[in-house]
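# Coordinates in review
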Amino acid sequence: MSLQKNQNAPATPFVPAMATRSGAWDRKTFWQRADKAKEATEALAEQKMKALSRLPVDALRQFCTQYRFFTIDYISDLALLLAKLPFGGLRSLLSEILAEELGEGDAAKAHPEIYDRFLASIGVEPERLERGLPANRAILGGLTEELRHRAPAFGVGLRGMGGECLCQTYLSVMFEHLRTHPYMREHANRIDWEFWTIHTGEQDIVHGELTRQAIDDYIRQDPGALPDLAEGYERSITAWNLFWQNIFDACVPPGRHVMSKTT
Ligand SMILES: [Fe+2]
């Protein structure tokens, strides 16, 4: 499926209309825009996630459940991206990140399994684990399709940068507000926080920095990849914002939204 491009697109597009052609990008401009996009994402996440601390418990469970589908698809998309990349630092780094996502040989340490233990510990029943929002399943399926058909650099922007750099921003903000919820505070001692320890701490920050360095080396070696990389990253931002907006629309009762749909 094609993503609804305009809804939830950042107020300042990552790729200006005139900058899609080859030669319109250089590394410095790219990273400046990437930093701005990250800041804008952080501000948007901060605005949205405020509602979490006041959600009814069941809505909070439903909200948290929806993120599991991202963690599952991220793994197979990363594998697909790896298959397309040339030998080099970025391919090797992403393969290490993939191995960590898979639990490095221990199925119980695969990140989706760790996330499911968090869900179980906040009272999500096993039969509710498969209830993904159709709109978000379509978004994730669309990303996989694009990854399959587009150039490797587009995939790096879509899943290499988007997954590691953008995802961490949202998760950190989500965790900040999640843990202030009265239910979370009351049951803090019996909640399995492992997923959050991994994804909002030092390890994920280091992943983000290493990924950025490896992507920078990748575009140093192949500057012609920049337009595709930028386009993939913009796609990632739009999809990511829409993914979360769908979750908010489905899980947050009207009146508790702290942002409008078009923000
Ligand atoms: Fe992970």
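Owing to the predicted nature of the structure, the values given are computational and were not obtained by experimental measurement.

## Comments concerning the environment of glutamine 66
Here glutamine 66 is to be found in helix H2 (residues 57-84). Given 19 C-beta atoms within 10 Å, glutamine 66 falls into the partly exposed group. Linking glutamine 66 and asparagine 246, residues 180 residues apart in sequence, is a C-alpha distance of 9.7 Å. Setting aside residues up to four positions removed in sequence, glutamine 66 forms contacts with Gly132, Leu133, Asn136 and Ile247.

## Details of the packing of H2 against helix H3 (residues 89-101)
Remark: H2 packs on H3, axes separated minimally by 10 Å, with the N-to-C direction vectors making an angle of 155 degrees. The angle between H2 and H3 places the two elements in the roughly antiparallel class. As H2 runs across H3, the sense of the crossing is left-handed. Contacts between H2 and H3 pair Ile75, Leu78, Ala79, Leu81 and Leu82 from the former with Arg91, Leu94, Ser95, Ile97, Leu98 and Glu101 from the latter. Here the residues of the contact of H2 with H3 sort into 8 nonpolar, 1 polar and 2 charged.

## Considerations on unusual backbone geometry
One non-glycine residue with positive phi stands out, namely glutamate 104, at about 45 degrees. Since 10 C-beta atoms lie within 10 Å of it, glutamate 104 is described here as exposed.

## Re the nonpolar core
Ranked by size, the top nonpolar core spans 60 residues in total, and within it Leu52, Val156, Tyr170, Met174, Leu226, Leu229 and Phe243 carry the most contacts. Counting only elements with at least two residues in this core, the list comes to helix H1 (27-49), H2, H3, helix H4 (111-121), helix H5 (134-149), helix H6 (152-178), helix H9 (202-221) and helix H10 (226-251). It is H6 that provides the largest number of residues to this core, a total of 13 residues. In this structure, phenylalanine 243 is in contact with Phe70, Asn136 and Ile139, ignoring residues within four places of it in sequence.

## With respect to H4
Within H4, the full set of buried residues consists of His111, Ile114, Tyr115, Asp116 and Leu119. The inward-facing, buried residues of H4 abut H2, H3 and helix H8 (194-199). The first or second residue beyond H4 is glycine 123, which carries a positive phi of 95 degrees.

Parameters and conventions
Residues numbered from 1 in each chain as written. Predicted model: local features only at pLDDT ≥ 70, side-chain atom pairs only at ≥ 80, totals over all residues. Helix = DSSP H or I, 4+ residues; strand = E, 2+ residues; numbered from the N terminus. Buried ≥ 20, exposed ≤ 12 C-beta atoms within 10 Å, placed from the backbone. Contact = placed C-beta atoms within 7 Å. Axes fitted to C-alpha atoms, helices over the stretch in contact; angles between N-to-C directions. Parallel < 35°, antiparallel > 145°, perpendicular 65-115°, else oblique. Left-handed = near helix turned anticlockwise from the far one by under 90°. Nonpolar A, V, L, I, M, F, W, Y, C, P; charged D, E, K, R; others polar. Core = buried A, V, L, I, M, F, W, Y, C linked by C-beta atoms within 7 Å.

In short, the description is geometric, and any link to function would need to be established separately.
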